[in-house]
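Okay, here's what each chain looks like letter by letter:
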Protein chains: 10
Amino acid sequence: MLFKVEMTVNIPSSLPKAEADEIKAKEKAYSQQLQREGKWLHIWRVAGLYANVSIFDVADNQELHDLLTALPLYPYMDISVQPLCRHPSAID
Amino acid sequence: MLFKVEMTVNIPSSLPKAEADEIKAKEKAYSQQLQREGKWLHIWRVAGLYANVSIFDVADNQELHDLLTALPLYPYMDISVQPLCRHPSAID
Amino acid sequence: MLFKVEMTVNIPSSLPKAEADEIKAKEKAYSQQLQREGKWLHIWRVAGLYANVSIFDVADNQELHDLLTALPLYPYMDISVQPLCRHPSAID
Amino acid sequence: MLFKVEMTVNIPSSLPKAEADEIKAKEKAYSQQLQREGKWLHIWRVAGLYANVSIFDVADNQELHDLLTALPLYPYMDISVQPLCRHPSAID
Amino acid sequence: MLFKVEMTVNIPSSLPKAEADEIKAKEKAYSQQLQREGKWLHIWRVAGLYANVSIFDVADNQELHDLLTALPLYPYMDISVQPLCRHPSAID
Amino acid sequence: MLFKVEMTVNIPSSLPKAEADEIKAKEKAYSQQLQREGKWLHIWRVAGLYANVSIFDVADNQELHDLLTALPLYPYMDISVQPLCRHPSAID
Amino acid sequence: MLFKVEMTVNIPSSLPKAEADEIKAKEKAYSQQLQREGKWLHIWRVAGLYANVSIFDVADNQELHDLLTALPLYPYMDISVQPLCRHPSAID
Amino acid sequence: MLFKVEMTVNIPSSLPKAEADEIKAKEKAYSQQLQREGKWLHIWRVAGLYANVSIFDVADNQELHDLLTALPLYPYMDISVQPLCRHPSAID
Amino acid sequence: MLFKVEMTVNIPSSLPKAEADEIKAKEKAYSQQLQREGKWLHIWRVAGLYANVSIFDVADNQELHDLLTALPLYPYMDISVQPLCRHPSAID
Amino acid sequence: MLFKVEMTVNIPSSLPKAEADEIKAKEKAYSQQLQREGKWLHIWRVAGLYANVSIFDVADNQELHDLLTALPLYPYMDISVQPLCRHPSAID
């Protein structure tokens, strides 16, 4: 089941750089693991912004919630979620 | 070059049904042709809405503009565009 | 799988009253059938507004989309959808 | 008398984790007590967000106010309230 | 039980003046009857606008809904509702 | 001359509790004095929020400004003001 | 007593040009009469828009309401009102 | 050349009172100097808010920018600017 | 003196195509004349939208107003205006 | 390929002035280098605001992203991006 998720990252300037870097490294590893498992189908950078547009493929709403709230950067993100389904004009 | 495009369709009730159906049929054919050409990479329906989330892969801004304004449903759409680029965490 | 759906109805004054009444009667029958099937779990009126707050229990995003777009009043509704999941503090 | 209440939690990063955990534990106990008393009828998690959608069943506006402002997490919440009533299409 | 209700009137120019005048006369009579019954506690005009700020005193959400949707001008109004309760600093 | 004033209070968590309590006590005394003088005609709590809806009866805009900016909680308030006048349907 | 009033004019294309011109002529005469009486203190055009920024000097909210609702273009205007008072830094 | 400028002041509570008072005194002197020079044509307080509505009469956009950014309170202000011109109904 | 002007065109479907085409032809000729006169410095299409971003170079606010309101498409446009000045980092 | 980029700068008052000045000096040098390279085509100050309107001419979305996120002031900026293309009425 597909969801579009948009994430905007706001890391407060009070967070020490070493700590921020460690969280970002964990975020990257976590994201790539979910991509390899086929759950994080797509991730694109929004040009000019510290933000991404992502497509998740999960079993249900609960799995989506669990995956998102486990993001290392989750406490610093604004997140919006839209449930998607197949478009009748899609050819795939 | 990738763009996220969100389209919401508002067909006025004053448009005769036969005319609306003909425009929708043209829209579907046009969309599927662009998908086969690899320019309209993804199209998903937003659950519950007469709207879609799409990813376009085009040569430049001008081609995106030409493709979108040629949509048969274009006069009845609200459209928003966001330029995308590769995300540093993407594995593909 | 649960979704909160909020629907606001805007019937244009140009729609003949007899036609509007027929659509509303179909809407009521359709809503009650889905409630009896356990798919439309709750429906509440928002005090003072021609609007409702509803909870749907469906198999997936696609089924939600199919149920909503089949609403007889769908062409006259503004709809917003939020995917829900179990709250860790819920006792049921 | 029914109310839909939406709560979004924003715990400042300056709040010590031990203190935050204690407040959350109190919040959970308080919420479950109100659920058992039949005053907090439903609570759902919004997928992907630190937020909930709730239905309260209270004697009047005053009781709703007293219950909400006594929430241990109340100082860290954005709250919106909508009065509900029975929907004419409801079958229960 | 008290509610603040704000009503903004938008009568379409397509409504014949005689018909509009008749609806307004009914609205005035209906409003004054509810005021005399003690249910429509206050009504003020917002300076410069075709809008009012009102306070209703009703038994519950359902009665508020029934009173508002029976307004002769209801189909032409934007309405917003806020449940009120006693303020701890009030002296009355 | 009447004005509707809506006040939402946001006391920063950095303000020591003793200081906040003292300001709130002064606010209450000040509010009750203005109510007794007939200048602060009504004050209602908005259910679920740290906010009020108030009606002021003052000589002119200047007096309204002087009364509001002298509120002990003024530095912590979001305030919106709407000038009111008699409604032609009012019976009082 | 001073008020800032902002007016944006939206004349529907369905209004015959002769009728629109007559209303505009009446509007101009009415505005100039109020200016000569010292009630409409200032009127400026917003560059690029069919809109104005105005300052009214009236006895009270009621007189402001009566003057504004008597504007010949009133049915075609969006209006916003802000009560003003003397600024402590003003030298006049 | 005329501009409407709206300024809302937000002085952070972390600014020491003595420092804030000094800035406000400089602001007042600066504002009165510009008024005497005929560049700051009008300044009104918005009733109930720490905000003003002002009219500037300057040579060009550049002068407006230079005057505004030199305001002692500028770092603590939200500012909005609208270019004005003569209204065809103005009598002065 | 420079201004950024953003224009979005909304031609109602009720306007006959021949009439719309004639207005668009006049608009193009008018725009190109102003460009040749050096008053309409830049005009760009916003990709995907029937909208443009433009830079005007005019003597003052009044000339900007006169040029914009003389646009043949003006009655069908939403327009926003921002006064610009030289940026201290600009090298030209 | 052209993009309109709007940047609003919000430097927190907690940033030491020396540090802020150094970042601003780097920003200016960086901006001027990109202008000389023909990538930052235009930069204008918005009158009255700490903000600019800019036009970038880059190879693709990725280059735009790389240039913007390398801005020394980037962590303190709100940024909005719109892809542009040639306007059919442009004469250049």
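Residues numbered from 1 in each chain as written. Chains lettered and ligands numbered in written order. Predicted model: local features only at pLDDT ≥ 70, side-chain atom pairs only at ≥ 80, totals over all residues. Heavy atoms only, no water.

Within chain A one finds two helices and four strands. Start at the N end of chain A and walk to the C end: the helices and strands fall as β-α-β-β-α-β. Along the first, second and third principal axes, the C-alpha set of chain A runs to 50 × 25 × 20 Å. Put simply, chain A has 92 residues, and 55% of those count as buried. (Helix = DSSP H or I, 4+ residues; strand = E, 2+ residues; numbered from the N terminus. Buried < 20%, exposed > 50% of the residue type's maximum accessible area, 1.4 Å probe, protein only.)

Placing chain J over chain A gives an RMSD of 0.0 Å and needs a rotation angle of 72°, together with 0.0 Å of translation along the axis. With respect to symmetry, the two chain copies, as superposed, fit the operation of a five-fold axis. Relative to the rotation axis, the C-alpha of Ser14(J) is the closest in chain J, positioned 8.7 Å from it. (Least-squares fit on C-alpha atoms with pLDDT ≥ 70 in both.)

This part takes up the layout of surface pockets. What the largest pocket holds in volume is close to 1,300 Å³. The wall of the largest pocket is formed by 41 residues, among which Tyr74(B), Val9(I), Ile11(I), Lys24(I) and Tyr50(I) lie closest to the centre. Breaking the lining of the largest pocket down by element, the ones donating at least two residues are helix H2 (61–69) and strand S4 (77–86) of chain B together with strand S1 (2–9), helix H1 (17–36), strand S2 (40–46) and strand S3 (51–57) of chain I. In terms of residue count, H1(I) provides more of the lining of the largest pocket than any other element does, seven residues in total. Across the lining of the largest pocket, the residue classes tally to 23 nonpolar, eleven polar and seven charged. (1 Å grid on protein atoms, 1.4 Å probe; cavity = no way out; pocket = protein on both sides within 12 Å on 5 of 7 lines; lining within 4 Å. Points joined across faces, edges and corners; volume = space filled by probe spheres on them. Nonpolar A, V, L, I, M, F, W, Y, C, P; charged D, E, K, R; others polar.)

By convention here, two paired aromatic rings are described through the distance between centres and the angle between planes. Residue and element names in this part refer to chain H. Considering all chains together, one arrives at ten aromatic pairs over all chains under this definition. Aromatic pair Trp 40 and Phe 56: ring centres 4.6 Å apart, planes at 35°, arrangement tilted. Of the two residues, Trp 40 is situated in strand S2 (residues 40–46) and Phe 56 in strand S3 (residues 51–57); the sequence distance between them amounts to 16 residues. For the pair shown, Trp 40 and Phe 56 are each scored as buried. (Phe/Tyr/Trp six-rings, centres within 6.5 Å; stacked < 30°, edge-to-face > 60°.)

Quite often, the size of an interface is put as the accessible area lost when its parts meet. Across the boundary between the two partners, chain J contributes six residues, which contact six residues of chain A. Both faces considered, chain J and chain A share a buried interface measuring about 490 Å² in area, 61% of it formed by carbon and sulfur atoms. It is His65(J), Tyr74(J) and Ile79(J) that lose the most area in chain J upon contact with chain A, and together they represent 65% of the buried surface on that side. The interface formed by chain J and chain A includes zero salt bridges. If you look at where chain J meets chain A, you find three residue pairs in polar contact (both at pLDDT 80 or more). When residues of the side of chain J that touches chain A are traced back to their parent elements, those giving at least two are helix H2 (61–69) and strand S4 (77–86) of chain J. Per-element accounting of the side of chain J that touches chain A gives the leading share, three residues, to H2(J). Of the residues that constitute the side of chain J that touches chain A, the class distribution is four nonpolar, two polar and no charged. (Contact = heavy atoms within 4.5 Å. Buried area = accessible area lost by both parts, 1.4 Å probe. Salt bridge = Lys/Arg side-chain N within 4 Å of Asp/Glu carboxyl O. Polar contact = N/O pair within 3.5 Å; in protein donor to acceptor, adjacent residues only side chain to side chain.)

With that settled, the discussion passes to the pattern of salt bridges. Under the criterion given, the structure shown has 50 salt bridges over all chains. Where Asp21(B) meets Lys17(B), a salt bridge forms, and the shortest distance between an N and an O atom there is 2.5 Å. Taken together, the positions of Asp21(B) and Lys17(B), both in helix H1 (residues 17–36) and four residues apart, correspond to about one turn of that helix. Overall, the relative accessible area of 34% leaves Asp21(B) in the partly exposed class. In this structure, Glu6(H) and Lys4(H) form a salt bridge, with 3.0 Å as the shortest nitrogen-oxygen distance. Side by side, Glu6(H) and Lys4(H) carry an identical accessibility label, which is buried.

Of the transformation superimposing chain B on chain A, the axial component is 0.0 Å and the angular component is 180°, with the fit at an RMSD of 0.0 Å. Such a turn and shift between the copies fits a two-fold axis. A shared binding surface is used by both copies, with 100% of the interface residues of chain B retained as interface residues in chain A.

Turning our attention to the sheet that holds strand S3 (residues 51–57) of chain F. Ordered in space as S1(E)-S3(E)-S2(E)-S4(F)-S1(F)-S3(F)-S2(F)-S4(E), the eight strands form a closed barrel in which the pairing is antiparallel. Within the sheet, the average angular offset between the axes of one strand and its neighbour, ignoring direction, is 35°. Both strand S2 (residues 40–46) of chain E and strand S3 (residues 51–57) of chain E contribute to a ladder of five bridges, which runs antiparallel. Among the inter-strand pairings, Arg45(E) is bridged to a residue of S3(E), identified as Asn52(E). On top of the sheet, helix H1 (residues 17–36) of chain E reaches S2 and strand S4 (77–86) of chain E; it is set at about 135° to S2(E), its chief contact. The strands that helix H2 (residues 61–69) of chain F touches are strand S1 (2–9), S3 and strand S4 (77–86) of chain F; relative to S1(F), the one it contacts most, it runs at about 20°. (Pairing = 2+ DSSP bridges. Axes fitted to C-alpha atoms, helices over the stretch in contact; angles between N-to-C directions.)

With that out of the way, let us pick up the UniProt feature "domain: Muconolactone isomerase" (unreviewed entry) in chain A. Sites flagged by UniProt as "domain: Muconolactone isomerase" (unreviewed entry) map to residues 1–89 of chain A. Taken end to end, residues 1–89 of chain A has its terminal C-alpha atoms 18 Å apart, with 33% of it in helix and 36% in strand. (UniProt positions renumbered as here; feature names shortened; annotations may be inferred.)

Across seven bridges, strand S1 (residues 2–9) of chain C lies against strand S4 (residues 77–86) of chain C in antiparallel orientation. Its bridge partner lying in S4(C), Glu6(C) is registered against Ser80(C). By the bridge criterion, three bridges tie S4(C) to strand S2 (residues 40–46) of chain D in an arrangement that is antiparallel. When the bridges of S2(D) are listed, Leu84(C) appears paired with Val46(D).

With that settled, the discussion passes to the pairing of strand S2 (residues 40–46) of chain A. With six of seven residues buried, S2(A) lies mostly within the body of the structure. Hairpin connection between S2(A) and strand S3 (residues 51–57) of chain A: a loop of four residues separates the two successive antiparallel strands, and Gly48(A) in this loop has a positive phi of roughly 95°.

Okay, the interface of chain B and chain A next. Facing 27 residues of chain B, the contacting portion of chain A comprises 27 residues. Buried surface at the junction of chain B and chain A, both sides included, amounts to about 2,600 Å², of which 63% is carbon and sulfur. Together, Trp44(B), Arg45(B) and His87(B) form the three largest contributors to the area buried by chain B at its contact with chain A, with a combined 25%. At the junction of chain B and chain A, the tally comes to 15 residue pairs in polar contact (both at pLDDT 80 or more). For the side of chain B that touches chain A, the elements supplying multiple residues, two or more each, are strand S1 (2–9), H1, strand S2 (40–46), strand S3 (51–57) and S4 of chain B.

Attention shifts here to the sheet that holds strand S3 (residues 51–57) of chain D. Spatially, eight strands are ordered S1(C)-S3(C)-S2(C)-S4(D)-S1(D)-S3(D)-S2(D)-S4(C) in a closed barrel, and the strand pairing comes out antiparallel. Neighbouring strand axes in the sheet, compared pairwise and without regard to direction, differ in orientation by 35° on average. Contacting strand S2 (40–46) of chain C together with strand S1 (2–9) and strand S4 (77–86) of chain D, helix H2 (residues 61–69) of chain E crosses the sheet at an angle of about 70° to S4(D).

Residues and elements named next belong to chain F. With 20 residues, helix H1 (residues 17–36) ought to run about 28 Å at 1.5 Å a step, and its terminal C-alpha atoms sit 28 Å apart, in line with that. Of all the residues in H1, the buried ones are Ala 20, Ile 23, Glu 27, Tyr 30, Ser 31, Gln 32, Leu 34 and Gln 35. Those residues of H1 hidden inside the fold are in contact with strand S2 (40–46), H2 and S4. Two residues or fewer after H1 comes Gly 38, characterised by a positive phi angle close to 80°. (Expected span 1.5 Å × (residues − 1).)

Turning our eyes to something else, we now look at the arrangement of the chains. A gap remains between chain C and chain F, with no contact made and the closest C-alpha atoms lying 15 Å from each other. Of all C-alpha pairs spanning chain D and chain H, none lies closer than 16 Å, and the two are not in contact.

Residues and elements named next belong to chain G. Along the chain, Glu 27 falls in helix H1 (residues 17–36). At a separation of 2.8 Å, a polar atom in the side chain of Glu 27 contacts the main-chain amide nitrogen of Leu 73. Once you skip the residues sitting within four places of it in the chain, Glu 27 turns out to touch Trp 40, Leu 71, Pro 72, Leu 73 and Met 77.

All right, on to the confidence of the model for chain A then. Any segment with low pLDDT has predicted coordinates that should not be analysed in fine detail. Scored by pLDDT, chain A comes out at a mean of 97, with 100% of its residues at no less than 70. The ipTM for the predicted assembly is 0.96, set against a pTM of 0.96. (pLDDT = per-residue confidence, 0-100.)

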